[in-house]
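# Remarks on the overall topology
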Amino acid sequence: MGGSGVSIAPGLGPDSFIRRGARRLRAGRWPAMPACVLVLLLAGCSGEPVNSPYPRDEAAQNVLHTAFTQRSPKYLDPASSYSTDETPFTYSIYEPLYAYDYLMRPYRLVPKAAEAVAQPAYYDAEGRELPGDVAGEKVAMSVYDIPIRRGILYQPHPAFARDAAGAPLYWPMSPDEIAGRYAITDFPETGTRELVADDYVYAFRRLASPRVISPIFGVLAEHIIGMREYGEHLKEIDAAHADTPPGQRPWLDLRQHGFEGVEAIDSHTLRIRVDGKYPQFRYWLAMTFAAPIAWEADRFYAQPGMDEHGLSFNTWPVGTGPYMMAESIINRRHVLERNPNFRGEPYPCEGEPGDGQKGLLADCGQLTPFVDRVVFHLEKESVPLMGKFIQGYYDIPEVGRGDYGAAMTVAASDSAEKAALYADHGIQIHTTTEAQIYYLGFNWRDPVVGRGDTPEQEERNRKLRQALSIAFDWEQFIAIFLNDQGTPAHGPVPPGILGHQPLPEGVNPQVYRMEDGRPERRSLDEARQLLAEAGYPGGRNAETGRPLILHFDSAGGMGSSPMLDWMRRQLAQLNIQLEVRATDYNRFQDKMRNGTAQMFMWGWVADYPDAENFLFLLYGPNAKAEGGGENAANYRNAEFDRLFEEMRFLDDGPHKDELIHRMVEIVQRDAPWMFGYYPASGGAYQAWVGNAKPSQMVRNTLQYYRLDPALRAASLEKWNRPIWWPLLLALAALLAGVALAWRQVRRREAAIVPVADAPPPTSTPLKEDRT
């Protein structure tokens, strides 16, 4: 027991421990304690599953459980929010004027807080009204008069609370009155009022405020008349308080400062004046940037001390939507609760073909939302998150994320065991091709792969780009690097966008030929023939005999990766060498801005579902190297630019579709891009989640989900039954150990001299036992 030089106090020798143990064993106390502890550790006295993120009885409630990762959403203020992880909250709490139909594809704009999707009136420079089909260049101003639904109420909130005399209860408040309040629930009294047009006016004014960081202000200021000048005016006003700390400045009442671009012509009619003709403007009104802001809420949160206590639009939004924030514990848990003042919206009754067979129309006309509460739990790592989803604790891994469905599809295809598990649990995995494109671009300013200086050189360079486009097997790329979670692109406009042509009409004839109703990539022999006609027979310059060397500019790594090696092999089939010029991201961006890259990979995600949002990426005046635009290839084609300028002013219809198709044919022939692929995304849902349809464009999905809590509770009970044999085995081992200890104690007791006859203890150290 002891080591050399260790002293034992009188009465605390080893024999005394054995005697005490014997007394406890005889009393029946000692073995019961570790047994109980073992039971508590292995099974839990409460009966709750160890890794369940919520109590067992909540499984039978109409509450949807999901997760968020890394951190809480940073911006829930509609003027600032522009991140995917924020949208499940913002689009469930706030109501923009418009929204996208939940089921229809291509995406269709529908009224939200507005009574209808308003058609603009057009005026010339003299203020005369013009016909609706007027040419865009003749329009000096578009005027949108948008009717607002009557009877819409804000959620209960203390900003609207008033006393018996009608005075606000929580304004003004002193720092002492704010002390100790860190959540909206710390304000016991609440109120509400009706939504009016002036709330949208206030919201647009607030986008220009120097006290609000809004990523959309610059875009809208280009189109809404007077908005940029208004922003400068507000800066001048706010400059008077430059020496005051931001949290201590007096409230900037935007009701006192307006501009002509946005106004309320009556209590429920909003008027927006837009410079020229810009049909795509209506799509911006479907984003939460165009959500209403109640001036009372802005005043409430502007009080000194509020922001320091975590009380702001970013943490406690105020809206009219189907849900409201009921609990917010930063980096831990957030809870959305049904807004008791929400009027209810009918579930859609039509969708795209096949939705009826999938059961997506069963709730036709029923008032939404269907779920009472939505709980977001923090999961710092993806592995435990997916483990809890497979166990059934999470109904959806992460709302709004489009990668889980694709990842689980790949996992099921790679593992028969996982495929069987997913099927046994009835997990719904839905994937869809999203409104995105990734492409390999050719710099139009480059002498080899670009436009060319002479008509003859233009033709040779075009044939070179076409040959390269054939050689790059994007079907193989998708299979290897995306696990088949993507679709080869035949043009710049992806599916789901008005103007997209499905196959076979939309096939790229420069790269594919149709065989038996399916597109087949043209042969390498055809690519070699085009290469020879471009002046590079066998991959060598016909005049100098030098090998053709092309350069791919990359923003990452040292120039060696499986994807880059694959790209080299594609060109090696034509005896072309590919050199990778890898730099850091900042240097790569400099190359793109200066127009010195030769070939590069780029991508684009739709801001709104209009072909203009993709075709403008090829519009000449938008060249990145000349004006800093989004035309990364610096492509210019006079006919394409002319058609774009006509198309951009057209409303949706056959004529607009015709122009889009002609523009696509031009870029298919010119090949300024290898059109690459449209990525797939999708969602994963438990069997008890109804009305699940993934989309990266429709963001207010929570109000359409329906739960079957009884099925969830039964499934959790079935899938997470405790496994008792380890406990029984451990208990048996414990009892065997206790029995052995008992026998040893009895033997020692028999050998111990009675205490009364034992010699007195000494302070002599025990010898070290070296046996």
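Cut-off values and rules
Residues numbered from 1 in each chain as written. Predicted model: local features only at pLDDT ≥ 70, side-chain atom pairs only at ≥ 80, totals over all residues. Heavy atoms only, no water. Helix = DSSP H or I, 4+ residues; strand = E, 2+ residues; numbered from the N terminus. Buried < 20%, exposed > 50% of the residue type's maximum accessible area, 1.4 Å probe, protein only. Contact = heavy atoms within 4.5 Å. Lys, Arg positive; Asp, Glu negative; His and termini not counted. Charge placed at Lys NZ, Arg CZ, Asp CG, Glu CD. Salt bridge = Lys/Arg side-chain N within 4 Å of Asp/Glu carboxyl O. Disulfide = S-S within 2.5 Å. Axes fitted to C-alpha atoms, helices over the stretch in contact; angles between N-to-C directions. Parallel < 35°, antiparallel > 145°, perpendicular 65-115°, else oblique. Left-handed = near helix turned anticlockwise from the far one by under 90°. Nonpolar A, V, L, I, M, F, W, Y, C, P; charged D, E, K, R; others polar. Phe/Tyr/Trp six-rings, centres within 6.5 Å; stacked < 30°, edge-to-face > 60°. Core = buried A, V, L, I, M, F, W, Y, C linked by side-chain atoms within 4.5 Å. Pairing = 2+ DSSP bridges. pLDDT = per-residue confidence, 0-100. Expected span 1.5 Å × (residues − 1). Arc of directions from axis to C-beta. Polar contact = N/O pair within 3.5 Å; in protein donor to acceptor, adjacent residues only side chain to side chain.

To continue, consider the overall build of the protein chain. For the protein chain, the helix and strand inventory stands at 23 helices and 24 strands. The buried share of the protein chain, reckoned over its 771 residues, is 49%. Across the protein chain, every contact between residues at least 6 apart in sequence was considered, and the portion connecting residues at least 24 apart equals 72%. Side-chain charges of the protein chain comprise 79 positive and 98 negative groups, with the mean position of each set lying 9 Å from the other.

This next bit is on the pattern of salt bridges. With the rule as written, the count across this model stands at 48 salt bridges. With a closest N to O distance of 2.9 Å, D372 and R338 form a salt bridge. Of this pair, D372 sits in the loop between β12 (367-368) and β13 (373-379) while R338 sits in strand β10 (residues 333-338), and the two are 34 residues apart along the sequence. Of the charged contacts, one joins R401 and D403 as a salt bridge, the two residues approaching to 2.5 Å between their closest N and O atoms.

Another point: the state of the cysteines. Across all of its chains, the model carries 1 disulfide by this definition. Disulfide pairing places C349 opposite C364 at an S-S distance of 1.9 Å. Judged by the sign of its S-S torsion, about 90 degrees, the cystine formed by C349 and C364 is right-handed. Of this pair, C349 sits in the loop between β11 (345-346) and β12 while C364 sits in the loop between β11 and β12, and the two are 15 residues apart along the sequence. Judged by its relative accessible area of 42%, C349 is partly exposed.

Let us look at the packing of helix α13 (residues 455-471) against helix α15 (residues 524-533). For the pair α13 and α15, the least separation of the axes is 8 Å and the interaxial angle reads 160 degrees. When the axes of α13 and α15 are compared, the pair comes out roughly antiparallel. Handedness of the crossing formed by α13 with α15: left-handed. For the pair α13 and α15, the contacting residues are R460, K463, L464, Q466, A467, I470 and A471 in the first and L524, A527, L530, L531 and E533 in the second. Classifying every residue of the contact of α13 with α15 gives 8 nonpolar, 1 polar and 3 charged.

Here the focus is unusual backbone geometry. In this model, R105 is joined to P106 through a cis peptide bond whose omega is 0 degrees. Following L503, the chain continues into P504 via a peptide bond in cis, with omega recorded as 5 degrees. Secondary-structure assignment places P504 in the loop between β16 (486-488) and β17 (512-515). The phi torsion at Q70 lies on the positive side, around 70 degrees, for a residue other than glycine. Tracing the chain through its elements places Q70 in the loop between β1 (63-69) and α3 (87-93). Note on Q70: relative accessible area 59%, which makes it exposed.

This part takes up the packing of aromatic side chains. Enumeration according to the criterion identifies 39 aromatic pairs in this entry. Taken together, a centroid distance of 5.5 Å and an interplanar angle of 0 degrees make the contact between Y283 and Y608 stacked. Pair noted here: Y283 is in helix α8 (residues 281-284) and Y608 is in the loop between β21 (599-605) and α18 (612-615), with a separation of 325 residues, a long-range link. Just as Y283 is buried, Y608 falls in that class too. For the pair W673 and F675, a centre-to-centre distance of 6.1 Å together with 65 degrees between the ring planes defines the contact as edge-to-face. You can call W673 buried: its relative accessible area is 1%. Through successive ring pairs, a cluster of aromatic residues spans Y438, F472, W474, F477, F481, W566 and Y677.

Take the nonpolar core next. I146, L270, I272 and F281 are the most contacted members of the largest nonpolar core, which has 139 residues in total. Sort the elements by how many residues they give to this core and helix α5 (residues 197-207) lands first, with 7 residues. Beyond its immediate chain neighbours, meaning those up to four positions away, L270 contacts L97, Y144, D145, I146, I148, A197, Y200, V201, V262 and E263.

This part is about the packing of helix α11 (residues 404-414) against helix α12 (residues 416-425). Packing of α11 against α12 brings their axes to within 5 Å, and their N-to-C directions diverge by 125 degrees. One finds that α11 runs oblique with respect to α12. In contact with M408, A411, A412 and D414 of α11, α12 contributes A416, K418, A419 and Y422. When the residues that make up the contact of α11 with α12 are grouped by side-chain class, the tally is 6 nonpolar, no polar and 2 charged.

Take the sheet that holds β13 next. If you walk across this open sheet you meet the 4 strands as β1-β13-β10-β9, and the pairing is mixed. Taken across any chain shown, the strands that pair with only one partner, and hence form the sheet edges, are β1 and β9 (323-329). Shown here is a sheet whose adjacent strand axes are inclined to one another by a mean of 20 degrees, direction ignored.

It is worth spelling out the confidence of the model for the protein chain at this point. With 90% of its residues at a pLDDT of 70 or more, the protein chain shows a mean pLDDT of 90. In this model residues 761-771 is a low-confidence stretch, pLDDT under 50, and it forms 5 contacts with partners more than four residues away in sequence or in other chains.

Regular strands have side chains that alternate between both faces of the sheet. Within strand β15 (residues 436-442), 6 of the 7 residues are buried, leaving the element largely enclosed by the surrounding structure. When β15 meets β21, the two strands line up antiparallel, connected through 7 bridges. For Y439, the partnering residue across the bridge sits in β21 and is W602. Note that β15 and strand β22 (residues 673-685) share 3 bridges and pair antiparallel. Within the sheet, the bridge partner assigned to L440 lies in β22 and is M674.

Moving on to helix α7 (residues 227-238). Helix length check: α7, at 12 residues, gives a terminal C-alpha distance of 17 Å against a target of 16 Å (1.5 Å per residue), a fit within 8%. The set of residues buried in α7 consists of M227, Y230, G231, L234 and D238. Relative to the axis of α7, the buried residues are bounded by an arc of 100 degrees and lie together on one face. Seen from the buried face of α7, the exposed residues on the opposite side, beyond 90 degrees, are E229 and E236. Residues of α7 that are buried sit in contact with α5 and α6 (217-221).

This part is about the environment of A165. On the secondary structure map, A165 appears in the loop between β6 (141-147) and α4 (175-178). Each C-alpha atom, one on A165 and one on R150, is 26 Å from the other, the two residues being 15 residues apart in sequence.

Topologically, T583 is positioned in the loop between β20 (577-582) and α17 (585-594). Along the backbone, T583 and G452 are 131 residues apart, and their C-alpha atoms lie at a distance of 27 Å. Polar contacts involving the side chain of T583 include one to the main-chain amide nitrogen of F588, which spans 3.4 Å.

You can see H309 is positioned in the loop between α9 (295-301) and β9. Note on H309: relative accessible area 17%, which makes it buried.

With that out of the way, let us pick up the environment of D641. Mapped onto the elements of the fold, D641 is located in helix α20 (residues 638-647). Residue D641 is classed as buried on the basis of its relative accessible area of 9%. Sequence separation between D641 and H334 is 307 residues, and the spatial gap between their C-alpha atoms is 48 Å. Excluding anything up to four places from it in sequence, D641 contacts L618, Y619, G620, P621 and R636.

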